[in-house]
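Residue-level listing of the chains:
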Amino acid sequence: MRGRPFRFLPHTADLLVEARGKDLPELFARCVDALFSLISDRRYVRPAETRTVAVKADTREEQLYLLLRAALLLFSADRFLARTARVTMKKNAVALLVAGEPSDFSRHPIGREVKAVTAHALTVRETRDGVVARFVVDI
Amino acid sequence: MQFRDVSLRKLSDTMWEIPRSGGMRVPGLVFASERMMADIVRDEAIRQVMNVAHLPGILKYSIGMPDIHWGYGFPIGGVAAMDVAEGVISPGGVGYDINCGVRLLRSNLAMEGLRPRLRELVDGLHRDVPSGVGSTGLVRLAGKDEESVLSGGSRWCASHGYATAEDVAFTESGGAFPGADPDAVSPIAKKRGRDQLGTLGSGNHFLEIDEVAEIYDAEAAGVFGLFPGQAAVLIHSGSRGLGYQVCDDYLLTMADSMRRNRIELPDRQLACAPIRSPEGERYLSALAAAANFAFANRQLLAHLARETFLKVLGMGPRDLGMTLVYDCGHNNAKFEEHDVDGRRQRVLVHRKGATRAFPPGSPDIPEAYRGVGQPVFIPGEMGIASYVLAGSAGAMRLSFGSTCHGAGRRMSRTQAKASVRGKSIVREMENRGVLVACASQKTLAEEIPEAYKDVSEVVQVVHDAGIAVKVARLRPVAVVKG
């Protein structure tokens, strides 16, 4: 696996995220990393507690969309910041395990407010050395 | 002018038609000067205007404002009116930030006298008005209060000492959309909003102190209580996490219902449901509830700003005279009456990044303004200029009573951030005479003035097209951002 696990690309008004992984579980985990890197700086987040999220869908695009939507709620509804993410998959079920801690913006640098992950232009495709996903977040 | 393989037809110096093609039910209509159009055709906004024209029940035109830019599903700066019987409602046609909008507070103060106190004021506002990711507001909503905010909007604020009767009267729809149903808002959405009432948020949201720099229409300015050199406060915020989640929840519900009903559209974010369907009606009641949350949010922000001014300047409310000119949203869907092909008809108008701009004589605006039209506020690039306009008869004729909402992005967030690497935005803004306080340097870098179109050009286009009338220009002197 070469290159950065994820990067942010231009999209007027919002942000386009591109992430890579050797397989789907790794790719999905990198997408979650990217999401939390937008909200704060993950280097300041301690992996003190864990949270889990589970979604089910028939296509990998739908799986990624529902997974990111649920991951965002960890922060936006429960004020939890993730430092690391691990994903396991079985048939059409995707399970996410994150390690992190409740947000405390006296210690965690303030990043961007992510309103939502959009289904617009969300893609998952195979490349020579793995899989790559793109999605737009509304800031 | 070409957009890919589509030839745009120039109707006038400020109007362009996108001819019908493929599955488009109506043509597109974009308000822009030739120079702005050359910029607009570079991204996908025109394609999105065309996509919206595919929606069932759309009337007359799929409309784009001069500040239009590439969104997801609908363009930002888009207007679409739907036939109530045949048409659809689309959460993507309103946007995530339901009833995001702008309010202007006037004052009795002249900027000249206020200038030495500006630093104290901006620091005070930054301290007292919660902003940025994860900030929490002064009230934590629970139980009955939450329900009352969702059904009563600004009226809840008035009953809790956060609003005057005048504040409520000078807010669009009296500060509360009818038909709101708190039960149509999911528990998760309520949770996202519970501690966010009275918080500014992040991104392009702001609170700024302005000086009335130039008056174009003395009569309207007089009626709005504005005079040259006056200090005023402009607030831009929306329905916070609660609104974002309502949109997200219903996009999913409607995508499911479309799959079941085998409705195909060019973009998933255009997910929609018939206005007269259980999903459509439920979304409309959730939308109204979220809109009311936004009215209450901006009202609380105004309350906090007033308190800060009173405290810092040590004066009484009467001397300060910080009263509401008007509050109007720019991400909404509303039932309104419009003329369609010579017939008066009830329609549902989607405005995503477009401001309602009702003309003189409209029964839907405060009586005090019926001689000159509804006030419209157009925030510009950070620290450059913002405008006060008035609604006009032209808007009723051409754009379902709508006009632009801001400068519109020209540069993506990543480009903006890259262009300022290593520079201190706060210092640069100070050199331009604008004090800035912000929660996040990252957000600030993405909001540099160069990232936006020239607001003066946007405003000139809507003025020349006759879909609003220029009243006054405001010069920002201090900005608080999330």
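Everything below is about the structure printed above this text.
The structure reproduced in this document is the subject of the present report. (Residues numbered from 1 in each chain as written. Chains lettered and ligands numbered in written order. Predicted model: local features only at pLDDT ≥ 70, side-chain atom pairs only at ≥ 80, totals over all residues. Heavy atoms only, no water.)

The secondary structure content of chain B amounts to 17 helices and 21 strands. Taking 2.2 N^0.38 as the reference for a compact globule, 482 residues should give roughly 23 Å; the C-alpha atoms of chain B span a radius of gyration of 21 Å, in line with that estimate. The principal-axis extents of the C-alpha atoms in chain B amount to approximately 65 × 50 × 50 Å. Each of the 482 residues in chain B was classed as buried or not, and the buried ones make up 67%. Here the contacts in chain B between residues at least 6 apart in sequence split such that 78% fall between residues at least 24 apart. In the structure as shown, chain B presents an accessible area of about 16,200 Å², 49% of it carried by carbon and sulfur atoms. Within chain B, one finds 56 positive and 55 negative side-chain charges whose respective centroids are separated by 3 Å. (Helix = DSSP H or I, 4+ residues; strand = E, 2+ residues; numbered from the N terminus. Rg over C-alpha atoms; globule rule 2.2 N^0.38 Å. Buried < 20%, exposed > 50% of the residue type's maximum accessible area, 1.4 Å probe, protein only. Contact = heavy atoms within 4.5 Å. Areas by Shrake-Rupley, 256 points an atom, 1.4 Å probe, with all protein chains shown as cover. Lys, Arg positive; Asp, Glu negative; His and termini not counted. Charge placed at Lys NZ, Arg CZ, Asp CG, Glu CD.)

Our focus in this paragraph is the packing of helix α2 (residues 60-76) of chain A against helix α10 (residues 240-260) of chain B. Running from N to C, α2 of chain A and α10 of chain B cross one another at 160 degrees; their axes reach a closest spacing of 12 Å. Relative to α10 of chain B, α2 of chain A is oriented roughly antiparallel. Where α2 of chain A crosses over α10 of chain B, the two elements pack in a sense that is left-handed. Facing α2 of chain A, whose interface residues are Glu62, Tyr65, Leu66, Arg69 and Leu73 of chain A, α10 of chain B presents Gln245, Asp248, Asp249, Leu252 and Arg259 of chain B. Along the lines of polarity and charge, the residues of the contact of α2 of chain A with α10 of chain B split into four nonpolar, one polar and five charged. (Axes fitted to C-alpha atoms, helices over the stretch in contact; angles between N-to-C directions. Parallel < 35°, antiparallel > 145°, perpendicular 65-115°, else oblique. Left-handed = near helix turned anticlockwise from the far one by under 90°. Nonpolar A, V, L, I, M, F, W, Y, C, P; charged D, E, K, R; others polar.)

Next up on the list: the interface of chain B and chain A. Tallying the contact residues gives 40 residues for chain B and 35 residues for chain A. Of the roughly 3,300 Å² buried between chain B and chain A on both sides combined, carbon and sulfur atoms contribute 53%. On the surface where chain B and chain A come into contact, there are 13 residue pairs in polar contact (both at pLDDT 80 or more). Put simply, the parts of the chain that give the side of chain B that touches chain A at least two residues each are β6 (58-72), α8 (187-193), α10, α14 (413-419) and α16 (441-446) of chain B. Counting residues per element, the side of chain B that touches chain A draws most heavily on α10 of chain B, which supplies seven residues. (Buried area = accessible area lost by both parts, 1.4 Å probe. Polar contact = N/O pair within 3.5 Å; in protein donor to acceptor, adjacent residues only side chain to side chain.)

Another point: unusual backbone geometry. All names here are of chain B. A positive phi is found at Ser173, a non-glycine position, where the angle reads about 55 degrees. Phi is positive for Asp341, close to 50 degrees, though the residue is something other than glycine. Note that Asp341 resides in the loop between β14 (331-340) and β15 (343-352).

A separate point is the sheet that holds strand β5 (residues 93-102) of chain A. Neighbouring strands of a sheet are bound in pairs by backbone hydrogen bonds; such pairs are parallel or else antiparallel. Residues and elements named next belong to chain A. The three strands are arranged β3-β5-β4 in an open sheet whose pairing can be described as antiparallel. The open sheet is flanked by β3 (49-56) and β4 (80-90), the only strands paired with a single partner. When the angles between neighbouring strand axes are averaged without regard to direction, this sheet yields 20 degrees. Across 10 bridges, β4 lies against β5 in antiparallel orientation. Looking at the pairing, Ala85 lines up with Val98 of β5. Along the sheet face, helix α1 (residues 24-39) touches β4 and β5 and points at about 165 degrees away from the line of β4. Contacting β3, β4 and β5, α2 crosses the sheet at an angle of about 145 degrees to β3. (Pairing = 2+ DSSP bridges.)

Here we come to the packing of aromatic side chains. Residue and element names in this part refer to chain B. Counted under the stated rule, the structure contains 10 aromatic pairs over all chains. Aromatic pair Phe177 and Phe295: ring centres 5.5 Å apart, planes at 70 degrees, arrangement edge-to-face. Taken as a pair, Phe177 in the loop between α7 (165-169) and α8 and Phe295 in helix α11 (residues 278-313) lie far apart in primary sequence, 118 residues in all. We classify Phe177 as buried; its relative accessible area is 6%. Between the aromatic rings of Tyr326 and Tyr369, the centroid separation amounts to 6.4 Å while the plane-to-plane angle is 75 degrees, which identifies the pairing as edge-to-face. (Phe/Tyr/Trp six-rings, centres within 6.5 Å; stacked < 30°, edge-to-face > 60°.)

A word on the nonpolar core. Grouped together as the largest cluster of nonpolar side chains are 178 residues, with contacts concentrated most on Ile46, Phe224, Val246 and Phe309 of chain B. If one sorts the elements of this core by residue count, α11 of chain B sits on top with 20 residues. Beyond its immediate stretch of four places on either side in the chain, Val246 of chain B contacts Ile98, Val185, Ala189, Tyr283, Ala286, Leu287 and Ala290 of chain B. By size, the runner-up hydrophobic cluster in this structure holds 47 residues, among which are Ile39, Val55, Leu81 and Ile139 of chain A. (Core = buried A, V, L, I, M, F, W, Y, C linked by side-chain atoms within 4.5 Å.)

Let us look at the environment of Glu450 of chain B. All names here are of chain B. Along the chain, Glu450 falls in the loop between α16 and α17 (455-465). Under the relative-accessibility criterion, Glu450 is labelled partly exposed at 34%. If we skip the residues at most four places from it in the chain, Glu450 touches Arg410, Met411 and Arg432.

Of note, Asp267 of chain B is situated in the loop between α10 and β12 (273-274). With near-sequence residues (within four places) excluded, Asp267 of chain B lies in contact with His120 of chain A together with Asn51, Tyr72 and Gly73 of chain B.

Note: α-helices contain 3.6 residues per turn, so residues at a spacing of three or four share the same orientation. What helix α5 (residues 143-152) of chain B keeps buried is the set Glu146, Val149, Leu150 and Gly152 of chain B. Looking one or two residues beyond α5 of chain B, the residue adopting positive phi is Gly153 of chain B, at roughly 55 degrees.

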